[in-house]
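# Structural characterization, general
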Amino acid sequence: MLKLKKMLATAAALAIALSLLSGCGSGAPGSSDSASGGLVRSVNIATQAVGTSYYTMGTGIAKIITDKTPIQATILPYAGPDAWMPEFNDGTITLEVISSMDMYWAYTGTVNYTSPSEDTRLLLSGNWSNHCTMTVLESSGITSIKDLAGKRVGYEYGGNKLTVNLIDAALASVGLTIDDCVAVPLADLSSAQRALQERRVDCIFTGSSTTPSSVQLDESIGIRVLPLGDLTPEDIAGGVPESVQSVLDRYVPGATALVCPASGTVKEDTVLTSYPIQMGVSAKLSENDVYTIMKAIYENYEQLADVHAWGADWTPENYVVENFQVPYHDGAVKFYKEAGLWTDAAEATQAALLK
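Because the structure is predicted, anything quoted here is derived from the model rather than measured. (Residues numbered from 1 in each chain as written. Predicted model: local features only at pLDDT ≥ 70, side-chain atom pairs only at ≥ 80, totals over all residues. Heavy atoms only, no water.)

The next thing to look at is the overall build of the protein chain. Check the secondary structure of the protein chain and you find twelve helices and ten strands. Taking all 355 residues of the protein chain together, the buried fraction comes to 51%. By sequence separation, contacts in the protein chain at least 24 residues apart represent 71% of the contacts at least 6 residues apart. Total accessible area on the protein chain is roughly 15,300 Å²; 53% of this is exposed by carbon and sulfur atoms. (Helix = DSSP H or I, 4+ residues; strand = E, 2+ residues; numbered from the N terminus. Buried < 20%, exposed > 50% of the residue type's maximum accessible area, 1.4 Å probe, protein only. Contact = heavy atoms within 4.5 Å. Areas by Shrake-Rupley, 256 points an atom, 1.4 Å probe, with all protein chains shown as cover.)

Written as structure tokens, this is what we have:
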């Protein structure tokens, strides 16, 4: 009898699981449903790995889309944009939380992208990320990037080119290269954090100052963020030194050096590399799909401030940026015009990019 009960319970659980999968899988990305007004049934949002700020913001966006529209949104974490771009190109991925540089490189097929992702479109611009590129143990005695000569530095990060370029830029800002250090290949952020915790490396990339998993690492073992160029806030009070900005222009064009206020893993005002974080969207999504998604985000953006520190800057006044390098999706443009956010300058830039 007990065995029969277990078999029945297992069968019931399997039936429930199958019904849930059926409900979620009925709308593959790109397929529409007349019951939802012709909107796409579901979308997949690509982000970087679990525990990163990208992933956390992606979950906030997914919740808004799922709760406030007929569209089901699912998060798919990857090692980086390099990993998810093939699936973005074939339409499996339709939304992405991504740096402005990676979006531009993918759109143009430059840097580490072998061919242009011509379906890449901009949905919105969010915050400027303060990236804590070079991070060491507080107990290490390392207090400057120059101190990293001869030290073991986490590198490669599964081919995530932006992370590699951020590390290269940080080293170059003090006249070093990775060849002056001992490069230790790492798969991703989480493996880097484990390597530092286990003392297998002396320095790693830790994401932004508010990356959840890095904040937890700091609380666990104590970490120190090294300032870009070994600069102090006073050093850039009159502007970023040309020697440092030229390094950033070479490795991470579109980025600059800004003073990151004490927050998260940063214990005092610190000069860090900063650049825009944006949401990309596939041109394969219809104008109506994107309009509906953008409208839901606009009407519920205040929820994002409770999701992550980045969310405080994901506000309507930041959605449309000057000098954008990837065209906005037609559905986003339609909404921005209705909301009074689209400008004549944005229209001119959009027209030039679409030529």
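What follows continues from the structure just given.
Summed over the entire model, instances satisfying the criterion amount to eleven aromatic pairs. Aromatic pair Tyr319 and Tyr336: ring centres 6.3 Å apart, planes at 40°, arrangement tilted. One end of the pair, Tyr319, is in helix 10 (residues 316-319); the other, Tyr336, is in helix 11 (residues 330-339), and 17 residues separate them in sequence. Just as Tyr319 is buried, Tyr336 falls in that class too. An angle of 65° between the planes, with centres 6.3 Å apart, marks the rings of Phe335 and Tyr336 as edge-to-face. Neither Phe335 nor Tyr336 differs from the other in exposure class; each is buried. Members of the aromatic cluster, each reached through a chain of ring pairs, are Tyr291, Tyr298, Tyr319, Phe324, Tyr328, Phe335, Tyr336 and Trp342. Taking NZ or CZ as reference, Lys334 lies 5.0 Å from the ring centre of Tyr291, over its face. (Phe/Tyr/Trp six-rings, centres within 6.5 Å; stacked < 30°, edge-to-face > 60°. Lys NZ or Arg CZ within 6 Å of the ring centre and 35° of its normal.)

Our next topic: helix 5 (residues 161-172). Here helix 5 is twelve residues long and its end C-alpha atoms lie 16 Å apart, about the 16 Å a rise of 1.5 Å per residue gives. Taken together, the buried positions of helix 5 are occupied by Leu162, Thr163, Val164, Asn165, Leu166, Ile167, Asp168, Ala169, Ala170 and Leu171. (Expected span 1.5 Å × (residues − 1).)

Within the secondary structure, His308 sits in the loop between helix 9 (287-300) and helix 10. Note: C-alpha distance between His308 and Pro212 (96 residues apart in sequence) is 8.6 Å. In this structure His308 touches Ser53, Thr56, Met57, Thr210, Thr211 and Pro212, once residues within four positions along its chain are discounted. Engagement of the side chain of His308 in a polar contact is seen with the backbone nitrogen of Trp310, the distance being 2.8 Å. (Polar contact = N/O pair within 3.5 Å; in protein donor to acceptor, adjacent residues only side chain to side chain.)

Ile45, Leu123, Met134, Leu148, Trp314 and Tyr336 are the most contacted members of the largest nonpolar core, which has 100 residues in total. If near-sequence neighbours (up to four positions away) are discounted, Ile45 is found in contact with Gly58, Ile61, Ala62, Ile65, Ala73, Thr74, Ile75, Leu76, Leu95, Glu96, Val97 and Met279. (Core = buried A, V, L, I, M, F, W, Y, C linked by side-chain atoms within 4.5 Å.)

On to unusual backbone geometry, then. For Tyr157, which is not glycine, the phi torsion reads 50° and is therefore positive. Here Tyr157 is to be found in the loop between strand 6 (152-155) and helix 5. At Arg199, a residue that is not glycine, the phi angle is positive and equals roughly 60°. A relative accessible area of 46% places Arg199 in the partly exposed class.

Further remarks concern the packing of helix 5 against helix 8 (residues 242-251). The N-to-C vectors of helix 5 and helix 8 enclose an angle of 160°; their axes lie 9 Å apart at closest approach. Relative to helix 8, the element helix 5 lies roughly antiparallel. In this structure, the crossing between helix 5 and helix 8 has a hand that is right-handed. In contact with Asn165, Asp168, Ala169 and Ala172 of helix 5, helix 8 contributes Val247, Leu248 and Tyr251. Split by residue class, the contact of helix 5 with helix 8 holds five nonpolar, one polar and one charged. (Axes fitted to C-alpha atoms, helices over the stretch in contact; angles between N-to-C directions. Parallel < 35°, antiparallel > 145°, perpendicular 65-115°, else oblique. Left-handed = near helix turned anticlockwise from the far one by under 90°. Nonpolar A, V, L, I, M, F, W, Y, C, P; charged D, E, K, R; others polar.)

A full pass over the atoms with the stated rule returns nine salt bridges. With its nearest N and O atoms 2.7 Å apart, the salt bridge here joins Glu198 to Arg200. Overall, the relative accessible area of 41% leaves Arg200 in the partly exposed class. Of the charged contacts, one joins Lys267 and Asp218 as a salt bridge, the two residues approaching to 3.2 Å between their closest N and O atoms. Placement of the pair is Lys267 in the loop between strand 9 (256-260) and strand 10 (270-282) and Asp218 in helix 7 (residues 212-221), with a sequence separation of 49 residues. (Salt bridge = Lys/Arg side-chain N within 4 Å of Asp/Glu carboxyl O.)

Right, let's get into helix 8. For helix 8, the full list of buried residues reads Val244, Gln245, Val247, Leu248 and Tyr251. The arc enclosing the buried residues of helix 8, seen along the axis, measures out at 155°, which places them on a common side. Those residues of helix 8 that are exposed and aimed more than 90 degrees away from the buried face are Glu242, Ser243 and Arg250. Looking at the buried residues of helix 8, the elements they touch are helix 4 (100-108), helix 5, strand 9 and strand 10. (Arc of directions from axis to C-beta.)

Moving on, we come to the pairing of strand 1 (residues 42-47). Most of strand 1 sits out of view: six of its six residues are buried. Neither face of strand 1 is left uncovered, since the one carrying Ser42, Asn44 and Ala46 and the one carrying Val43, Ile45 and Thr47 both have all their residues buried. By the bridge criterion, six bridges tie strand 1 to strand 2 (residues 72-77) in an arrangement that is parallel. The residue bridging Thr47 from the neighbouring strand is Pro77, located in strand 2. With helix 2 (residues 53-68) bridging strand 1 and the parallel strand 2, this β-α-β connection has right-handed handedness. Two strands pair when backbone bridges link them, and strand 1 and strand 3 (residues 95-99) are joined in this way by two bridges, in the parallel orientation. (Pairing = 2+ DSSP bridges. Right-handed = clockwise from strand over helix to strand, strands pointing away.)

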